[in-house]
Structure formats: structure tokens, C-alpha cells
Amino acid sequence: KKLVSFAFCQVLGSDVPRAEGARVSGLTLAGERWYSRAGRLRARNNITARMNKAASPSLEHRVTAAQVVCKRLRTIKDPDAYFDTAQHEFSVALRTMSLDLLDSLDRRLNALGEKVARLEATTRKVVISRDARAGAQEIAANFAAQQERAEKSLLSLWLQGYVRRLPRLTANANDHEEDVDLLLDAVDFAFCRCALNVAISSSSVSQEKLMSSRVVSILISMVDGANKAMQQTKNKSNDQSISNSATLDAAALVTGPCLMALAHLARRGDLVCSQIADANGILVVINCMRIVQHPTVLAQACRTLSTLSLLPQNRQQIANRKGINILVRLLAASQLSPIPGDHFLSAEFNGMQVNESIQEAALAAFTNLTNSSEPNRQLVAELGGIEHIVSCILFARHGGPVRNAAQAIANVAYGSHFSVARCIMARADVAICSAIGATDFLDEDRLLEAAYRALANMALDEAAQTGLASGDAMTWCVRGLQKCGYVHVLRAAAHATAAIAYKSRANKAQFAQLGALAACVRVVSEFGCGSLAHTRHYLSAVHATSLAACTLLSFSPNHLVFEDCYGIEMYTTLCETTEHLEILNVGAMVLASVAPTASGRWEAQAEGRTLHFEKTAGLRALVRCEKWVFSNSSSPHWLHQAISALQMSPIQLDEVQAAHQSSSGKLSAHDLELFPQEYLFEEVLALTTLDHIVTNSPDLRNLAFRLY
């Protein structure tokens, strides 16, 4: 029994210490230590220490199992049973150690597998990164190659555009044909290439260097020289011979790129644009428009003039140089009816086909020339330019000329009663409404914006509002608010709606019947509430729509329509949730327009009625506006009056009603407009679309400064 116990203790990992210097047998020593209590405790501690050294995941389980086995062996008295039990437990212990060893081996193999997987993933990332860098380098190499060919490609495009294929001349009666030289020498080709290089490099050079390099003067002198050559060719022979046509084409080959380069330079800033005007560039461009007959060059000259008119001080100078007269006659060249005014230039464009590219560029020039210039607006109206602009709206086939024509009408009519009257006489509103009707509301957003802006600017006075109301302008304004989702289109349509209805009770009632108030509520519900980024994007549209709702609600009978479409609840929610002070201000303006007055509250109290506005949180929304928008200033009269009327007690209402009856005949607050009419009018500048530049090569940046 002692021998079996000793063997089992050895299997479990106990260490049987020996007395120092004693040389006795292990069995005797084990027997002595077994029956010694201190020896049993030391053996048990040694077993625990060895198990702790193993540090296996089942350490606690093994310690507990060893203790259970020891207790079980102590309780067995029979030696045979004791030996069988010890042998069984010995086998169990060996199997447990084997399983622990296998588990440890599995864990090490799994860790090794994870390391291999991580190494494989890292290797894959390195390969992918290397392939990506190689692909990027290949793309960069291809782009560099395209840049090297870009100059030649652009030059070939200009050559194809300006030099048309000439007919062949019959040499003799046998109808043999011979080729005719284009009369394009190396000097003309060098001038053309030089002007193109200036246009290419203009976007990457500072204004100061452009001005100090005298590039502007050289380009203007090149255009002036080409003008003189074309004028001399015209004066020598009036017949359309092949040699004269080739000479004009060669001159156009130089003039076109020079005009394009001037347009690119003028877009760089006011300093370069002013230098072009000081170098007599405006007169040279206008003379080119008088002389040249090539449609592509003429369109480029109109673009250059439009770009030069972006500078305010150049507009009057262009008008003084008869630039507006030339533009009017360009539009009139494609019309059958004669134009009023001076006719000393009427023969210049006879027989010339003015295409829509020329019309689009000329209309952009009209837009810029009439911006912030009342004399130019009146000059355009006096020369009959409005009638020709309306003709472009009606008969143009593409959207570009129609859009620019609507922008020109908007600028011509801006703040000018004379021009507005001429627009109404020319039926510009009918043409614009027909253009809106033929436009896709989901695609042509810029055309719709220009058209609605023109309608808004034409609603300047009562007579113009009546003329617009007699047509389809009101219907298309409401339809724009109902269907469109573009910010700028909604803003322009709302401005047009408010301008036509401003201080016009009949138009306000008609707008309410057409569903304008419901359309305004639709815009506010879809674009005025939501995340901060969403509402910030549609801020201008919601603001303009609220202005339109405000002017419509200044007519009291429209209040019931507004209540039926849940407008009070919608604007109350808007004012309580918005974080934009502009929207909070205009939303409170709408609520103040529909809020009951003191007299209205007194009448409802006397009849035992409860007003619909008092059931909502309109008062709380107005107080929020007063607290946040006008925290540093006094609140406006309309807001103070609305809040005071809603906060009055029944006794105060009786006093106000008595005072109101004694002073009858005064204008009601609901009949007043809460914002000035100037908020609804707008004039714009037409940024000329420059020619497509296909290169930004650094090698061309300093090429323009080698000209002189």
C-alpha cells in the first residue's frame, strides 16, 4: 500500500525530498514521509508547484482532480482494491497528460498557421500595391505622351475649323482641274501657333507676368494686321474668286486663335482685361466683327467681346464704339424684317448665314453689356434688340441660344421701366413661356432658371404684372414650384411668383387658385426640414419660396387655402427646428402674415370660436424668432405686432377692439408687404464658355513670353 501510494505521488508530480546526508531506500523514506503529517503536506505542496510550472489551461482542474484522488485512496483499506484504483487513476492521469500535450501542440500549430496567413496577406498587399504603382506609372506615361501630342492636336483642330476645302479651278476647256494653293505661308502658321500657345499657357501664368510680357499688345497688333489684310483684299476685288477666298481664310487662321487667346487672357482678371482695353483692343475686336465673314471667327469675336464686357468700365466704351449696334445687326442678319435705327452698317452682313453659335455668343455679350448699365439697356431697346432677342427665343433649335436670350431679357428688363414696356410690347413673356413649355423640367435647369428670372424682372410695375397675368406666366411659375427639384430653378420660380403677385390682389387670388400655396408648402416640407447639410443646400430655394408664400398670404382670403394645405403646421415646425437664421426669419414672416390680429381674436372670442392658429405652436415659433434672430436689435413691427396680438388677454382685446372701432378706415396689417420688392429682382453675368484646352504642359508656360 505504501509502495502504490509512493508511485501515484510520483505520477502526479510530487517530489519526495530526502534528508540531507541520509542514504536510505526510497521505499523506507517514502513510508516514513507518508505517515508523517508534515511530509504529507510537503508532498502535496510539491504536487501543486509542479502543476503550476506546467501552466496548462486545465491547471485548476488537475489540482482538484489530484486532491480528489488522494482523498479516495486514503479511504480504501483493501490492498487489492487500493492497487486497482491506483492503477486506474494512473491510466487516467497519463491520458490527461497526453491530451494536454496534444492540445498544446494544436495551439502551437494554429499560431503558426495564423502567422503564415498574415505573411500571405502581407505579401498579397505588397503585390497589389506594386501593381497599382505600376498602373499609375503607366497612366502617367500615357498622359505625358498625350500632353506632348496635345499642341499638335489643338493646332490641327483649328486648322480644320478655319481653313475649309477650296473648290478646284477649271484650267482649260477640257475640264482639267488643278489644285489651288491655300496661300498659307510659314509666317501665318507661326502666328497661329503662337496665339494658340498663349491661350494654352494663360491659365498657369500670373497676371503680373502676362502684363509685363507685352503679350496683349502683340495679339492685338496681330488681329489689327489681319483686319487690314482682309480689308485690302475686299477693296481690291468684290468678286468671290478662289484666291481672295484663300487669302481671307489665311487671315482668319491668324485672327481666330488671337481672339481666342484674348478671351482667355481677359478671363484671368480685371488687370489684364483693363490692359486689353487700354491697348485699343475693344476697337480692334469690333472692327474684326465688321470685316470678317467666317462664322467661326465671328463667333469667337463675340465671345471675346462678351469676356471684355465683364469689366464694368469696358461696357460703356464698347457701346461708344458701336459694339451694341454690331451685335444687334448680327442677330438681325438671320431675320427677314428690317430693324429700326441706323442702317449705315446694314449691308455688312447681307447674305451671311448667322448660325446659332454666333447667336449664342452675341446674346452672352448682350447679357454682360446690360449688367448694371441703364444707358446700355435703353440703347438695346431703342435699336430694336429686344425684338431680335425674342425671335431667338422663339426660333432657336438648341438650348444654348434660348438660355442666353432669356438671360439677356432678364438683364435688359432689370429695373428699367422703359425696357420692361418694350419687352411686354414684343411679347417676350409669351416667348419665354413657350420656351418653358418646350423644356424638360428634369434636364434643362439653367434654361429654366434664366426664363424664370426674366419673368421676375419683367414684373416691375402694375402694368407689367397685368400683362404677365394675362398670359401663361403664372401657370408655368406654379408648375415650376410643383415639379422642379433644382435649387436655382426653385429659387427663380419663387421669385417670379412673388414678383407677379407683389401688391396685386387679383394675381394673389389667381395664384391661390392655381395651387401656388400648396406648391410652396411642398418645397418647404421636402427641402426645408432634415439634416443640416440637406437644408443648407436648399437654403436659397426655401428662402425664396417663403417670400412668395408671404406675399400671397398678405391677401386675407388666401388664409383658408393655406390652412387647408397644412401650411401653418409646416411653417411652425420649420421655425421650431431650423438652425438657419435666414429661414427662421422668413418663416416667422409667413406665420406673422397668417397670424390672427387682435380684432380677429376678439371676434372669435365673441362668437365662441377657437382660431386654427391658436391650436398650433405658432406663438412659440414667433417668440423663438424674436429671441434668436433679433437678440441684438429691436424686433420689426410685424413681428412685435403679431406676438402682442397673440399674448393679449380678453380684457386687452376689448380695449383694442374699442379703439379700432373709433379709428375705422385704416389699412389692415395683412394688406401690407413685409419685404421690399427689390429682393425679387436679379441680374447676372454670362461667363463665356472658352474653347476646350487639351493640355496643361509645363513646357508651354513660358512659351508666350518669347514672342517679343
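Everything numeric in this text was worked out from a predicted model, so none of it was measured.

Chemist: Help me out: how do you make sense of the overall build of the protein chain in this one?
Modeler: Within the protein chain one finds 36 helices and two strands. The burial tally for the protein chain puts 46% of its 708 residues in the buried class. Pairs at least 24 residues apart make up 78% of the contacts formed inside the protein chain by residues separated by at least 6 positions. When the accessible surface of the protein chain is split by element, carbon and sulfur atoms take 54% of a total near 35600 Å².

Chemist: What exactly am I supposed to notice about the packing of helix α11 (residues 281-291) against helix α12 (residues 295-308) here?
Modeler: Describing two packed helices takes the angle between their axes plus the distance from one axis to the other. Interaxial distance between α11 and α12 falls to 9 Å at its minimum, and their mutual angle equals 150 degrees. Relative to α12, the element α11 is oriented roughly antiparallel. Seen along the crossing, α11 lies across α12 with a hand that is left-handed. Along the contact surface, α11 presents Ile-282, Val-285, Ile-286, Cys-288 and Met-289, while α12 presents Val-297, Leu-298, Ala-301, Cys-302, Thr-304, Leu-305 and Leu-308. Split by residue class, the contact of α11 with α12 holds eleven nonpolar, one polar and no charged.

Chemist: I tried to follow the nonpolar core on my own but got confused; where do I start?
Modeler: As a rule of thumb, soluble globular proteins bury nonpolar side chains together. Formed by 169 residues in total, the largest nonpolar core has its most connected members in Leu-219, Met-289, Leu-327, Ile-409, Tyr-452, Leu-455 and Phe-562. With near-sequence residues (within four places) excluded, Leu-219 lies in contact with Ala-195, Val-198, Cys-258, Ala-261, Leu-262 and Leu-265. Counting five residues, the second-largest nonpolar core is a separate cluster that includes Leu-73, Ile-76, Tyr-82 and Ala-86.

Chemist: Is there a simple way to think about the side chain of Thr-255 in this case?
Modeler: Secondary-structure assignment places Thr-255 in helix α9 (residues 242-266). Non-local contacts of Thr-255, meaning those with residues more than four positions away in its chain, are made with Val-223, Ala-226, Met-230, Cys-288 and Val-297.

Chemist: When you look at the state of the cysteines in this model, what are you seeing that I'm missing?
Modeler: As enumerated under the stated definition, the model contains zero disulfides in all. With no disulfide partner, Cys-302 has as its closest neighbouring cysteine sulfur the one in Cys-288, 9.7 Å distant. When its relative accessible area of 0% is taken as the criterion, Cys-302 is described as buried. Cys-520 forms no disulfide, and the closest cysteine sulfur to it belongs to Cys-565, at a distance of 8.9 Å. Of the residues examined, Cys-520 reaches a relative accessible area of 1% and is grouped as buried.

Chemist: Any chance you could explain the packing of aromatic side chains here in plain terms?
Modeler: Where two aromatic rings form a pair, the distance of their centres and the angle of their planes describe that pair. Going through the model one piece at a time under the given rule, you end up with five aromatic pairs. Between Phe-562 and Tyr-571 the ring centres are 6.0 Å apart and the planes differ by 40 degrees, which places this aromatic pair in the tilted class. Assigned by exposure class, Phe-562 and Tyr-571 land together as buried. A connected cluster of aromatic rings, assembled from ring pairs, spans Tyr-502, Phe-675 and Tyr-679. If you follow Lys-483 out to its NZ or CZ, it ends over the ring of Phe-441, 5.8 Å from the centre.

Chemist: For this particular structure, what's the right way to read the pattern of salt bridges?
Modeler: Pairing between side chains of opposite charge can happen when the charged atoms of each approach one another. Tallied over the entire structure, the rule returns 16 salt bridges. Notably, a salt bridge pairs Arg-609 with Glu-607, separated by 2.6 Å at the nearest N-O pair. Accessibility expressed as a relative area gives 42% for Arg-609, which makes it partly exposed. On the accessibility criterion, Glu-607 (55% relative accessible area) is exposed. Where salt bridges share partners, they join Arg-446, Glu-449, Arg-453, Arg-491 and Glu-682 into one cluster.

Chemist: Please clarify how helix α16 (residues 374-382) should be interpreted in this entry.
Modeler: Helical geometry: 3.6 residues make up each α-helical turn, so side chains three or four residues apart lie on a common side. Turning to α16, its buried residues are Asn-376, Arg-377, Val-380 and Ala-381. Along the axis of α16, the buried residues cluster in a sector spanning 140 degrees; they form a single face. In this structure, the buried residues of α16 make contact with α13 (312-320), α14 (323-332), α15 (356-369), α17 (385-395), α18 (399-413) and α19 (417-425). In the stretch just after α16, Gly-384 is the one whose phi turns positive, near 80 degrees.

Chemist: For this particular structure, what's the right way to read helix α6 (residues 186-201)?
Modeler: Taking 1.5 Å per residue, 16 residues should reach 22 Å; α6 reaches 22 Å between its end C-alpha atoms and fits that length. The complete set of buried residues in α6 reads Asp-188, Cys-192, Cys-194, Ala-195, Leu-196, Asn-197, Val-198, Ala-199, Ile-200 and Ser-201.

Parameters and conventions
Residues numbered from 1 in each chain as written. Predicted model: local features only at pLDDT ≥ 70, side-chain atom pairs only at ≥ 80, totals over all residues. Heavy atoms only, no water. Helix = DSSP H or I, 4+ residues; strand = E, 2+ residues; numbered from the N terminus. Buried < 20%, exposed > 50% of the residue type's maximum accessible area, 1.4 Å probe, protein only. Contact = heavy atoms within 4.5 Å. Areas by Shrake-Rupley, 256 points an atom, 1.4 Å probe, with all protein chains shown as cover. Axes fitted to C-alpha atoms, helices over the stretch in contact; angles between N-to-C directions. Parallel < 35°, antiparallel > 145°, perpendicular 65-115°, else oblique. Left-handed = near helix turned anticlockwise from the far one by under 90°. Nonpolar A, V, L, I, M, F, W, Y, C, P; charged D, E, K, R; others polar. Core = buried A, V, L, I, M, F, W, Y, C linked by side-chain atoms within 4.5 Å. Disulfide = S-S within 2.5 Å. Phe/Tyr/Trp six-rings, centres within 6.5 Å; stacked < 30°, edge-to-face > 60°. Lys NZ or Arg CZ within 6 Å of the ring centre and 35° of its normal. Salt bridge = Lys/Arg side-chain N within 4 Å of Asp/Glu carboxyl O. Arc of directions from axis to C-beta. Expected span 1.5 Å × (residues − 1).

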